[in-house]
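If you want the building blocks of each chain, they are given just below.
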Amino acid sequence: MSEALPRSSPRTTQMVVNGNFVPFEDATVHLMSPAMRYGLNIFEGLRGYWNAKEEQLYVFRLGEHMERFAQSMRLLRFDPEFDVADVTSAVTELLRADGHRANCHIRATAYLDGMGEHHVPKPVSWCVYAGPRPRSPKVEIGIRAQVSSWRRMSDNAMSPRIKCGANYANARLARFQAQLDGYEDAILLNEAGKVAEGPGACIFLMRRGSLVTPDVSSGILESITRDTIIDLARACGLAVEERPVDRTELYAADEVFLAGSAAEVMPIVSIDGIDMGDATVGATTRELQKAYFAAVSGDSYRERNWLTPVYT
Ligand code: PMP
């Protein structure tokens, strides 16, 4: 279901920075800011979904993303002088101002501005970006993944629960290794050697008829898509287990997929060269994908309260 970039998609010409619309080229940060020097930013990646029938753009689970945005700032001891509600409304205002009428990606960031050291609590600036982002064609055919020799950083070192830009150095190491070795993505184990997550998505497997995913103490981001998939799976009558997952359970699984706001529901068809089932996208993965795509775009009545309409 490859979606070509619609011609009507606006180019990203502006961002919202500290509450003001700023031309894209002028949305800059100083080289000596802690955000630049130490990677001290927290962010949320969200998606907007165009519903052609209703001529409406929906932002998926905006409230939950902004709750996590606030939590990341608190855990990283940022002391913002702004209200997170202003960042929340900037998301819909920017999408509206740019006239997005296709699927898009949104990024809300809070970062340590000024010239301070890594231990200063402020000043905290914020910005919102939005740009067109079609669905990856790989959701149809799946990807091949490698269990990384890099470990997911632990909650006691730099918590994956905090969605901090600097965490993605850990993700980068794993993804680079996987791609250099000929795979498309990585799966990281935690310090205890249990399965954690992908570099930018959480992970699910189907085993003996149950949907299994690492619990929130497995060294993972508390993913909003993970919560969504668990909810959709239970609504489909599937048993869901949140628990520590062994590496070999990945190989023994009938189906495995990654899930995240950007990744959506991304099937994994082989891991370390071992095929999942017959190395095609499994039936349950397909069913959950279908339920997810219906939920995010407003095609399913049950999940409508997860959607924020952009156009009123
Ligand atoms: N884990 C990591 C490391 C991620 O970067 C992401 C993407 N934000 C996820 C999981 C999925 O989180 P969410 O479903 O909230 O987007």
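Enquirer: Is there a simple way to explain the overall build of the protein in this structure?
Expert: Across its full length, the protein holds eight helices and 16 strands. At 19 Å, the protein has a C-alpha radius of gyration in line with the 20 Å of a compact globule built from 312 residues. For the protein, the spread of C-alpha atoms along the principal axes amounts to about 50 × 50 × 35 Å. Of all 312 residues assigned to the protein, the portion counted as buried reaches 54%. In the protein, of all internal contacts separated by at least 6 residues, the share reaching a separation of at least 24 is 71%. By element, 51% of the accessible surface of the protein is carried by carbon and sulfur atoms, the whole surface being about 14,000 Å². Taking the average place of the 34 positive charges on the side chains of the protein and the average place of its 40 negative ones, the gap between the two points comes to 2 Å.

Enquirer: Can you help me understand the pattern of salt bridges in this one?
Expert: As a working rule, side chains carrying opposite charge can pair if their charged atoms are close by. Summed over all chains, the structure comprises 24 salt bridges. With a shortest N-O distance of 3.4 Å, D155 and R161 are connected by a salt bridge. For the salt bridge of R243 with E249, the shortest nitrogen-to-oxygen distance reads 2.7 Å. The class for E249 is buried, based on a relative accessible area of 9%.

Enquirer: Whenever I open this one, the nonpolar core confuses me. Can you help?
Expert: Across soluble globular proteins, nonpolar side chains have a tendency to be buried as a group. Grouped together as the largest cluster of nonpolar side chains are 45 residues, with contacts concentrated most on L211, I229, I268 and Y292. Ranked by the residues each element gives to this core, the list is headed by helix α8 (residues 283-297), at six residues. Here this core gathers at least three residues from each of two domains, domain 1 (14-132) and domain 2 (138-297). Excluding its chain neighbours within four sequence positions, the residues that come into contact with I229 are F204, L211, F257, A259, V265, L288 and Y292. By size, the runner-up hydrophobic cluster in this structure holds 32 residues, among which are L57, M73, L76 and L112.

Enquirer: Where do I start with the sheet that holds strand β3 (residues 41-51) in this structure?
Expert: Paired through backbone hydrogen bonds, the strands of a sheet run either parallel or antiparallel to each other. Taken in spatial order, the seven strands line up as β2-β1-β6-β5-β3-β4-β16 in an open sheet, and their pairing is antiparallel. In this open sheet, the two strands that pair with only one neighbour each are β2 (20-23) and β16 (307-309). Across the sheet, the axes of successive neighbouring strands diverge by a mean angle of 30 degrees, strand direction being ignored. Where helix α2 (residues 62-75) meets the sheet, its contacts fall on β3, β4 (56-60), β5 (104-112), β6 (124-132) and β16, and the angle it forms with β3 comes to roughly 175 degrees. Seen against the sheet, α8 touches β3, β4 and β16 and runs at an angle of roughly 115 degrees to β4.

Enquirer: Where do I start with α8 in this structure?
Expert: Within an α-helix, residues lying three or four positions from one another point in the same direction, as the helix has 3.6 residues per turn. Over its 15 residues, α8 runs 21 Å from end to end, which matches the ideal 21 Å to within 8%, given 1.5 Å per residue. Along α8, the positions that sit buried rather than exposed are T284, T285, L288, Q289, A291, Y292, F293, A295, V296 and S297. One or two residues past the end of α8 sits G298, with phi positive at roughly 85 degrees.

Enquirer: I'm lost on the packing of helix α6 (residues 224-235) against α8 in this one. Help?
Expert: A pair of packed helices is captured by two measures, namely the crossing angle of their axes and the spacing between those axes. Between α6 and α8, the shortest axis-to-axis distance is 10 Å and the interhelical angle comes to 115 degrees. The orientation of α6 relative to α8 falls into the category roughly perpendicular. Between α6 and α8 the crossing geometry is right-handed. Note on element contacts: α8 touches α6 through L288, A291, Y292 and A295, opposite T225, T228, I229, L232 and A233. For the contact of α6 with α8, the per-class residue count stands at seven nonpolar, two polar and no charged.

Enquirer: Would you mind showing me how to read the site of the ligand here?
Expert: K163, Y168, S223, T225 and S261 are the nearest of the 16 residues found near the ligand. Contacts to the ligand include S223, whose side-chain N or O atom sits 2.7 Å from an oxygen atom. For the ligand, whose free accessible area comes to 380 Å², the fraction covered by protein is 96%. Among the elements of the structure, α6 and β13 (255-260) are those that each provide at least two residues to the shell around the ligand. In terms of residue class, the shell around the ligand is built from seven nonpolar, five polar and four charged.

Enquirer: What is the right way to read the environment of P121 from this model?
Expert: Turning to its location among the elements, P121 is positioned in the loop between β5 and β6. Along the backbone, P121 and M66 are 55 residues apart, and their C-alpha atoms lie at a distance of 20 Å. Those residues in contact with P121 that lie beyond four places of it in its chain are R77, F78, D79 and L112.

Enquirer: In this structure, what is going on with the domain arrangement of the protein? I would like to understand it.
Expert: Many descriptions give the size of an interface as the accessible area lost when the pieces come together. You can read the domains of the protein as domain 1 (14-132) and domain 2 (138-297). The C-alpha centroid of domain 2 is placed 25 Å from the C-alpha centroid of domain 1. Facing 21 residues of domain 1, the contacting portion of domain 2 comprises 21 residues. Interface area for domain 1 against domain 2, summed over the two sides, is near 1,800 Å², with a carbon-plus-sulfur share of 57%. Its largest share of buried area at the contact with domain 2, domain 1 owes to Y49, F60 and R68, together 32% of the area lost on that side.

Cut-off values and rules
Residues numbered from 1 in each chain as written. Predicted model: local features only at pLDDT ≥ 70, side-chain atom pairs only at ≥ 80, totals over all residues. Heavy atoms only, no water. Helix = DSSP H or I, 4+ residues; strand = E, 2+ residues; numbered from the N terminus. Rg over C-alpha atoms; globule rule 2.2 N^0.38 Å. Buried < 20%, exposed > 50% of the residue type's maximum accessible area, 1.4 Å probe, protein only. Contact = heavy atoms within 4.5 Å. Areas by Shrake-Rupley, 256 points an atom, 1.4 Å probe, with all protein chains shown as cover. Lys, Arg positive; Asp, Glu negative; His and termini not counted. Charge placed at Lys NZ, Arg CZ, Asp CG, Glu CD. Salt bridge = Lys/Arg side-chain N within 4 Å of Asp/Glu carboxyl O. Core = buried A, V, L, I, M, F, W, Y, C linked by side-chain atoms within 4.5 Å. Domains from an automatic or database assignment. Pairing = 2+ DSSP bridges. Axes fitted to C-alpha atoms, helices over the stretch in contact; angles between N-to-C directions. Expected span 1.5 Å × (residues − 1). Parallel < 35°, antiparallel > 145°, perpendicular 65-115°, else oblique. Left-handed = near helix turned anticlockwise from the far one by under 90°. Nonpolar A, V, L, I, M, F, W, Y, C, P; charged D, E, K, R; others polar. Near = heavy atom within 4 Å. Polar contact = N/O pair within 3.5 Å; in protein donor to acceptor, adjacent residues only side chain to side chain. Buried area = accessible area lost by both parts, 1.4 Å probe.

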